[in-house]
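The lines below spell out each chain.
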Amino acid sequence: MPKHEKNTVELIRTWTLPVAVTMGSSVRAKGILQEIQARLPAISKKAISLDGSDLILAMRAEEKAVFNAAVLVISKALDDAPLLPVIPREIEDILGMKTSERHRWLADGRLRSAGTRTVRLAGRARQITFHVFEPKVVDELLNRGAVDEWRVEDAEAKAEKRLQASYQAKLTRLSKKNKRSKKEDKSADDPGPPLRGWEDFDLDGLLR
């Protein structure tokens, strides 16, 4: 085979991400790809891609040494993948929750955090800190339909709160009404201040 033809032959290796790792989330699959790219040397980062749930490493034939080194890194990363913390955008996609719901359920303790992670945004000096979650916990929440349960609980709590507010408003209106009634009754019973000189006017017999 001519030398130039040998150089065009690609070295290819494919790994399929199991559902147990991605939890059915394309966002989680992309997160695993990014984790692998972060572990690879710069020369290999663009050689790996994601096609559905398949990770594909492809290099030119003359890059065999670099290819083999990348295979080892990727294989090790995939061994660690089931334990990789789930980040916010991943858990929202896996459980089908909104960002506002994630914040609310974190605040009231229903959604358990596994700690926080601080990263620097690409090309920026600013850092951001966010909560991460244990894959095992996320998987349990997914299997028992926790998000649906929590939404029902929130709806019931909202209805109860609205009912209490309505009841309290009714009590306030009744209280104000009672106060006005008492004030009006007191005004009707009160003869008012005595007229000055009334006694003298009566003594003069002008009322007889």
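About the cut-offs
Residues numbered from 1 in each chain as written. Predicted model: local features only at pLDDT ≥ 70, side-chain atom pairs only at ≥ 80, totals over all residues. Heavy atoms only, no water. Helix = DSSP H or I, 4+ residues; strand = E, 2+ residues; numbered from the N terminus. Buried < 20%, exposed > 50% of the residue type's maximum accessible area, 1.4 Å probe, protein only. Patch = residues over 30% accessible without salt bridge, like charges linked within 9 Å, V, L, I, M, F, W, Y side chains within 5 Å. Areas by Shrake-Rupley, 256 points an atom, 1.4 Å probe, with all protein chains shown as cover. Salt bridge = Lys/Arg side-chain N within 4 Å of Asp/Glu carboxyl O. Lys, Arg positive; Asp, Glu negative; His and termini not counted. Charge placed at Lys NZ, Arg CZ, Asp CG, Glu CD. Core = buried A, V, L, I, M, F, W, Y, C linked by side-chain atoms within 4.5 Å. Contact = heavy atoms within 4.5 Å. Pairing = 2+ DSSP bridges. Axes fitted to C-alpha atoms, helices over the stretch in contact; angles between N-to-C directions. Parallel < 35°, antiparallel > 145°, perpendicular 65-115°, else oblique. Polar contact = N/O pair within 3.5 Å; in protein donor to acceptor, adjacent residues only side chain to side chain. pLDDT = per-residue confidence, 0-100.

Asks: Describe unusual backbone geometry, with residues and values.
Replies: Even without glycine at this site, Met 23 takes up a positive phi of about 55 degrees. You can see Met 23 is positioned in the loop between helix H2 (19-22) and helix H3 (26-39). By relative accessible area, Met 23 is classed as buried at 9%.

Asks: So what's going on with a positive patch on the surface? Which residues, and what values?
Replies: Together, Lys 176, Lys 177, Lys 179 and Arg 180 make up a positively charged patch on the protein surface. As for its position among the elements, Arg 180 is in helix H9 (residues 146-189).

Asks: If you had to explain the nonpolar core to someone new, which residues and values would you point to?
Replies: Note that soluble globular proteins tend to have their nonpolar side chains buried in a common cluster. Core analysis: the largest hydrophobic core is formed by 22 residues, its most contacted members being Ile 32, Ile 36, Ile 48, Leu 55, Leu 57, Ile 74 and Leu 78. Looking at this core, the elements that each hand over two or more residues are strand E1 (10-16), H3, strand E3 (54-60) and helix H5 (64-80). Element by element, the count of residues in this core is highest for H5, at 6 residues. When sequence neighbours within four positions are dropped, the list of residues in contact with Ile 36 reads Ile 48, Leu 55, Ile 74, Ala 77 and Leu 78. In this structure, Leu 95, Leu 111, Leu 141 and Trp 150 belong to the second largest nonpolar core, which totals 16 residues.

Asks: Before we move on, can you summarise the sheet that holds E3 with the specific residues and values?
Replies: Spatially, E1-E3-E2 is the arrangement adopted by the 3 strands of the open sheet, whose pairing is antiparallel. Every interior strand has two partners, whereas the edge strands, E1 and strand E2 (48-51), have only one. For this sheet, the mean inter-axis angle between neighbouring strands, taken without regard to orientation, is 25 degrees. Bridging between E2 and E3 involves 4 bridges; their strand directions are antiparallel. Across the sheet, the residue bridging to Ile 48 is Leu 57, located in E3. The sheet strands contacting H3 are E2 and E3, and the helix crosses E2 at an angle near 175 degrees.

Asks: With reference to specific residues and values, describe the packing of H3 against helix H6 (residues 88-95).
Replies: Where H3 meets H6, the closest approach of the two axes is 8 Å, and the angle between their N-to-C directions is 150 degrees. When the axis of H3 is compared with that of H6, the two are roughly antiparallel. Seen from H3, the contacting residues are Ser 26, Val 27, Arg 28, Gly 31 and Gln 34; seen from H6, they are Arg 89, Glu 90, Asp 93 and Ile 94.

Asks: Pulling in residues and values, what's your account of the environment of Asp 80?
Replies: Locating Asp 80 in the fold gives a position in helix H5. For the pair formed by Asp 80 and Ile 32, sequence separation is 48 residues and the distance between their alpha carbons is 9.9 Å. For Asp 80, the side chain forms a polar contact with the side chain of Lys 76, separated by 2.8 Å.

Asks: A description of the side chain of Glu 92 should follow, citing residues and the corresponding values.
Replies: By the element assignment, Glu 92 lies in helix H6. Assessed through its relative accessible area of 16%, Glu 92 is described here as buried. At 3.1 Å, the side chain of Glu 92 and the side chain of Thr 99 are in polar contact. Setting aside residues no more than four positions away along its own chain, Glu 92 makes contact with Met 97, Lys 98, Thr 99 and Arg 102.

Asks: Can you explain the confidence of the model for the chain? Please cite residues and give values.
Replies: Atom-level detail of predicted coordinates should not be read off regions where pLDDT is low. Confidence along the chain averages 86 in pLDDT terms, with 83% of residues attaining 70 or more. Counting interchain partners and residues more than four positions distant, the pLDDT-below-50 stretch residues 1-6 has 2 contacts.

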